Amino acid sequence: MRGWTRPVAALGLATALLAVAACGRDGGDAQSEGPGTAVGAGPATGEINIWAMGAEGEKLSALIDGFTKDNPDATVKVTPIPWDGAHDKIATAIAAGETPDVALIGTTWMGEFARTGGLDPTPENLIKPADFYGGAWDTTVVDGTSYGVPWYVETRLFYVNSDVARKAGVDSPPSSWEDLKAAVKAMKEKGGADWGVSLQPGKTGSWQSVMPFVWQNGGAVQKEDGSFAFDSPETVAALEYYKSFFTEKLSPADLPQGALEPDFVKGKIGAFISGPWHIGILKDQGFEGKYEVWPMPTKVTGTSFVGGGDLAVFKDAKNREGAWKFVSYLSRPDVQATWFQTVGDLPSVKSAWEDPALKADPMLAAFGTQLNDAKSPPTIATWDQIAAGFDDLMEQLVKTDMTPAEMATSAQEQATSIGTGG
Amino acid sequence: MDARDKPRSRDRVAKLVLHVVLGLGLLAMIGPFLWMLLSSFKSEQEIREVPPTWWPRDFGFGNFAELFDRLDFPTYFTNSVVVAASVTAGNLVLCSAAGYALAKMRFPGRRSLLGLVLGTVMVPGMVTFVPLFVLVSKMGLTNTFAGLVLPFLVGAFGVFFMRQFILSIPDELIESARIDGAGEVRIFVRIILPLCRPALATLGILTFLGSWNNFLWPLVVATTEDKYTLPVALALYSVGQNETDYGLLLAGSVVVVVPVLVVFILLQRHFVRGIATTGLK
Amino acid sequence: MTARPQDAALRRGRRASRLRRAVTGWGFVSPFTLLFAVFMAGPVLISLAMSFTDMRSADVRDPLGVNFVGFDQYAKVFGDPLFVKAAGNTGMFVLIGVPLTMAAGLAVALGLNSGLTKFKTLFRVGYYLPVVTSIVAVSVVWRFLLQPDTGLVNSLLGLVGVDGPNWLDDPGLSLPSLIVMAAWRNLGFQMVIFLAGLQAIPANLYEAARLDGASRWQQFRYVTLPMLRPTMLFVAVITTISYLQFFEESYVMTQGGPLNSTLSVSFHVFKQFGFGNYGYASAMSYILFVAIVALSLLWFRLLKRKDQ
């Protein structure tokens, strides 16, 4: 055992030296950067490297031909990466300075990656913010500067089993909080469902179902001065409304994983909240045409959650000009419409929705309408952590006898102690 | 009935009981694997059914067709094989050499080295991930086979394992060989390695499995698709932002597990008594 | 005492042989040591240093620009109620899981090794299958087993008139359920190592014991167990190290819930790394490291052979 002490001491010394070499940060909070330097006119040249996840990565090559026709001296190389682990891959790439030129970035990751200083601010001359849905554009803005461009969006609506709704006597989407509650009750009592609605009972991502109600009630995550507003009366009222679905036995609190779709199809669950991807899932289950979608109810507003994917160019990009030109190409309304037809992603550019393919489908049109009133959480670097804490508290709110007021206070304490990570 | 018959019938009952107990246990063990195998032939809808079904209602190869159609299988498979084989070979050779030295040789610094190795085995894996990646990238090894293989070419686990095993080899065997004038390398190759066959087979299986299923490291080190290994490619095509393609995932999981099983079946016959004992008098 | 020429020669000879031993010894370990130093020791040092700073993900492009905060992160960990909960869960998992899995793995290995079994390959492969089966398939089947209404476990309990609970959603039962699942999943791994160890026990020892009239149980106690000691030590340490870091079962089955009853320290560390709290997560990892070292030393004390 004694042979250990010398090498351990040496290690300790080396570690201490490394740690003390931490010289400390210069300056206070990160200064906000202005918009990016303008990108030159003319076609793109050189090689453009882009990382994209999932289906977007797989099918992006379909759009490249159109780009290379207009930019013959440019080559675009797409590296698809899995969603599972993408966050880590991008984070480590930034850490090592080995990034591509462009990457698809989840909307809730923008705050964190922008704060590393690894993203290039959006140049003003190439992209017009007004072209995009407001909620989507906001996901790219960190500390007043935009660091990317929304590529595709998703928003949340109520999926409702038409059979159950008709039997319950609900023939049109409820427009207010009271109407929604009444409709859900009717679906349980008269529509033959075990549960009128299945709301997320806390756990990962439940904030995406809860925050819309806070927003509908005129609440927000942050106040004007940047401090958190989790304990505001608007938030507490929204939490009360959400919890009431569980206390009145209108929504299950412990639905086993994987049971949602089968139970919805069988009519045991009247409704649930989700995004456009469930269209495909329900089609696979043979349920096409037997359900409908309802927009969010209105209290002060009828706000839903908006997510999706943003395109960002890296500071360490080798071909900055080419990268931004490619991003601008992907934001053209006609390219966005083609992209929808290729992959099914909802366009983030408003005028792309004029495309007949999107206008023709009433279900998609419903998503499009909701996009006009959809918000995203603030682009603070610590949002992931705050959201996780919020989800934990939601679970307690739904499953224990914690009161909405208590939960709101705890959420406020938690968020404040985590801070905004500036 | 004479004295020889009684032990035989007792043996037969014991045999039966043992087989039954182990057999029931076996059913419990292979259940999920069977489900995975059977479900890879089902439609997406049937896979998601609750309660889960066993035999597919409509037996189809659709998932496998999609798997081989969408994925550039030969590339990913080759990458996985090359990486896993290199890592396994490296571990078997280098860790047994180091394990032998740490178990049976006396040299200065031996105890410190052993302590360091053991210490590293005990460091939680997650914490070194980012520093390791930055290190590897600064060495210019991103997107190379060296970058995929070198950090795992030896393992503290392997050294610890071989050392423990070699410790149980009697010293007399080695001492007598030394007295006979054999050099250390000769002793290692001619005496130690053959005696270590069960341990080498075990280490081989475990190392191969770990390397074959490694996901996060190849994901982060590879920056172009042609360097992806199978687990990365499988996640790429089956796990989306908001939903998972279970049919593809299960079909892929079945295909990915086949080489591991092959390696296992090939190596497990080396858990054979006899080799370990015939060297002794 | 006058130095004799033989003494000097003896000393020279001893020094020469010590030098030779050092060269051979280091020759055998140097490839390993070099790779180890670069790819293992290096990152460990760096991450350890990170735990003494307030590094966050925003600092990755300028890692030396963080502040040295001494043991602040470590203090923060101990004051974190989630960490305390996770530590309790992890402790339970190890305390019950390690003996359970070891006993099961050893029992199966003994059964397969006893020379009484046919279909050896089938059994060995079958018991090892859970180790290689994709966690997705494992989780689907286990979730089905544990489902409150239609699950197999509760159906069987229903046959004897017991109303089974919602195993995975009950904060008191979720962790035990995961422990059983982990034991099921990992006993194949242990079985493989125990089999290797059992093969190394010389047959003549058993013969000698049998000639002395020892029963099977006595053979087990006086031949098998003592000879298996290094293997058991190895399995105990490796399993403890692995279980102290348990993560996958909780991540896939219950996501740390319900109400954080299956949150493990590793899962908490994983989340913190995900949030970008690199300094904090590193400190928590090294606290876990201390626990791992302590428990391993305990095993060494219990199972080490006197001649090591």
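What comes next concerns the included structure. All residue numbers refer to positions counted from 1 along the written sequence of the respective chain. Each chain gets a letter, beginning with A, and each ligand a number, beginning with 1, in the order they are written. With pLDDT at 70 or above as the cut-off, local features in this predicted model cover only qualifying residues; side-chain atom pairs require 80 or more to be listed or tallied, and sums for whole chains, interfaces and linings still use all residues.

1. Some thoughts on the interface of chain B and chain C
Phase 1 of the analysis: Between chain B and chain C, the residue contacts involve 73 residues of the former and 69 residues of the latter.
Phase 2 of the analysis: Helix numbering and strand numbering both begin at the N terminus, where a helix is a DSSP run of H or I of at least 4 residues and a strand a DSSP run of E of at least 2. Of all elements in the fold, only α1 (5-39), α4 (73-104), α5 (110-121), α6 (129-138), α8 (156-167), α11 (197-212), α14 (246-268) and α15 (275-278) of chain B reach the threshold of two or more residues within the side of chain B that touches chain C.
Phase 3 of the analysis: Residues are grouped as follows: nonpolar covers Ala, Val, Leu, Ile, Met, Phe, Trp, Tyr, Cys and Pro; charged covers Asp, Glu, Lys and Arg; every other residue, Gly included, is treated as polar. A per-class count over the side of chain B that touches chain C returns 57 nonpolar, 11 polar and 5 charged. Working definition of a contact: two residues with C-beta atoms, positioned from the backbone, lying within 7 Å.

2. Looking at the pairing of strand β2 (residues 74-81) of chain A
Looking along a regular strand, one sees the side chains alternate between the two faces of the sheet.
Residue and element names in this part refer to chain A.
Phase 1 of the analysis: With C-beta atoms placed from the backbone, a residue is buried if 20 or more other C-beta atoms are within 10 Å of its own, exposed if 12 or fewer are, and partly exposed between those counts. Burial analysis of β2 places 6 of its 8 residues in the buried class, which makes it a mostly covered element.
Phase 2 of the analysis: Bridging between strand β1 (residues 46-53) and β2 involves 8 bridges; their strand directions are parallel. Following the sheet pairing, Ala52 is matched in β2 by Pro80. Between any two strands, at least two bridges found by DSSP are needed for them to pair.

3. Here we look at the interface of chain A and chain B
Phase 1 of the analysis: Taken together, the contacts link 30 residues of chain A with 29 residues of chain B.
Phase 2 of the analysis: Split by residue class, the side of chain A that touches chain B holds 14 nonpolar, 9 polar and 7 charged.

4. Quick word on the environment of Met92 of chain C
Residue and element names in this part refer to chain C.
Phase 1 of the analysis: By the element assignment, Met92 lies in helix α3 (residues 81-113).
Phase 2 of the analysis: When the 14 C-beta atoms within 10 Å are taken as the criterion, Met92 is described as partly exposed.
Phase 3 of the analysis: Sequence separation between Met92 and Leu244 is 152 residues; the distance between their C-alpha atoms is 9.7 Å.

5. Points about unusual backbone geometry
Phase 1 of the analysis: Residues Gly257 of chain C and Pro258 of chain C are joined by a peptide bond in cis, for which omega reads -10°.
Phase 2 of the analysis: A positive phi angle is found at Lys203 of chain A, which is not glycine, with a value near 75°.
Phase 3 of the analysis: Mapping Lys203 of chain A onto the fold places it in the loop between α8 (177-189) and α9 (207-216).
Phase 4 of the analysis: You will see that Asn143 of chain B, though not glycine, has its phi angle at about 60°, which is positive.
Phase 5 of the analysis: Topologically, Asn143 of chain B is positioned in the loop between α6 and α7 (145-149).
Phase 6 of the analysis: C-beta crowding within 10 Å serves as the criterion here: with 16 such atoms nearby, Asn143 of chain B is assigned to the partly exposed category.

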